[in-house]
Amino acid sequence: DLFEAHGTSTVVGDRVEVEALSDLIGDGRRASRGAARIGSVKSNIGHLKSAAGAASIIKVALALHHRVLPPSIGYRQAREDVPLHRVPLAVQT
């Protein structure tokens, strides 16, 4: 499972996105299935301003077509204030 996020890479933006996904899915609901993956096309090709949404849709369509979870380039580790553990979520690398 893959969620395509906005991926602002800001202190507030990333935390709010992960918290919103966690609230939507529910704490611990995926434990038996393993972590759902989260990514953003911005890590692969940069922010495209108004075209970022279109690039995200293309990325997801290609991921579904090829049955591949594309990696997030440059990711090293989550910040402590981003609650990836709640659902759990993991950045796709």
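In short, a report on the structure. Here the structure is a predicted model, which means the values were calculated and not measured. Along each chain, residues carry numbers from 1 onward, in the same order as the chain's sequence is written. For this predicted model, a pLDDT threshold of at least 70 governs which residues receive local features, and a threshold of 80 or more governs which side-chain atom pairs are given and counted, while totals over whole chains, interfaces and linings are taken from all residues. Each side-chain value is derived from all of the structure's non-hydrogen atoms; neither hydrogens nor water enter the calculation.

With that settled, consider the sheet that holds strand β1 (residues 2-4). Spatial strand order, β1-β2-β3: 3 strands in an open sheet with parallel pairing. A strand with exactly one partner marks an edge of an open sheet, and here the two such strands are β1 and β3 (89-91). Along the sheet, successive strands turn relative to each other by an average axial angle of 35°, direction set aside. With 3 bridges connecting them, strand β2 (residues 36-39) and β3 associate as parallel partners. Paired with Ile38 across the strands is Val91, a residue of β3. Any two residues whose heavy atoms approach within 4.5 Å are treated as being in contact. Every angle, taken between N-to-C directions, lies between 0 and 180 degrees, and every axis is a line fitted to C-alpha atoms, over only the stretch in contact when it is a helix. Numbering of helices and strands starts at the N terminus; helices are DSSP runs of H or I of at least 4 residues and strands are runs of E of at least 2. Across the sheet, helix α1 (residues 11-25) touches β1, β2 and β3, and the angle it forms with β3 is around 145°. Strands are treated as partners if at least two bridges between them are detected by DSSP.

Helical geometry note: an α-helix holds 3.6 residues per turn, so side chains three or four residues apart project in the same direction. Given the number of residues in a helix, its expected span is that number minus one, multiplied by 1.5 Å. Between its first and last C-alpha atoms helix α3 (residues 52-66) spans 21 Å; for 15 residues at 1.5 Å apiece the expected length is 21 Å, and the two agree. Inspection of α3 places Ala52, Ala55, Ser56, Lys59 and Ala63 among the buried residues, and these make up the whole buried set. Summarising the axial view, the buried residues of α3 lie within an arc of 100°, below the 170-degree limit, and thus occupy one face. Residues of α3 that are exposed and angled more than 90 degrees away from the buried face: Ile57, Leu64 and His65. On the buried face of α3, the contacting elements are β1, β2 and α2 (42-45). Burial here depends on accessible area, computed with a 1.4 Å probe over protein chains only, as a share of the maximum for the residue type. Under 20% is buried, over 50% is exposed, and the range in between is partly exposed. Think of it as the arc spanned by the lines of direction from the helix axis to the C-beta atoms.

Attention now goes to the environment of Thr10. Here Thr10 shows up in the loop between β1 and α1. A sequence separation of 53 residues divides Thr10 from Ala63, and the C-alpha atoms of the two residues are 25 Å apart. Between N or O atoms, a polar contact is any pair within 3.5 Å; within protein, one atom must be a potential hydrogen donor and the other a potential acceptor, and residues adjacent in sequence are included only when both atoms are from side chains. Of note is the side chain of Thr10, whose polar atom sits 2.9 Å from the backbone nitrogen of Gly13.

Time to look at the nonpolar core. A general feature of soluble globular proteins is that nonpolar side chains tend to end up buried together. What we call a nonpolar core is a set of buried Ala, Val, Leu, Ile, Met, Phe, Trp, Tyr and Cys residues that are connected through their side-chain atoms within 4.5 Å. In terms of nonpolar packing, the biggest core is built from 11 residues, these being Ala5, Val18, Leu21, Ile25, Ala36, Ile38, Val82, Leu84, Val87, Leu89 and Val91. Within the residue set of this core, elements represented by two or more residues are α1, β2 and β3. Counting residues per element, this core draws most heavily on α1, at 3 residues. Contacts of Ala36, omitting those with residues within four sequence positions, involve Asp1, Phe3, Arg30, Pro88, Leu89 and Ala90.

For α1, with 15 residues, the first-to-last C-alpha span of 22 Å sits near the 21 Å given by 1.5 Å per residue. Three or more residues of α1 are buried, namely Gly13, Asp14, Val18, Leu21, Ser22 and Ile25. Buried residues of α1, seen end-on, are gathered within an arc of 160° and therefore sit on one face of the element. Facing away from the buried side of α1 by over 90 degrees, the exposed positions are Val11, Asp23 and Leu24. Its buried side turned inward, α1 meets β1, β2 and β3.

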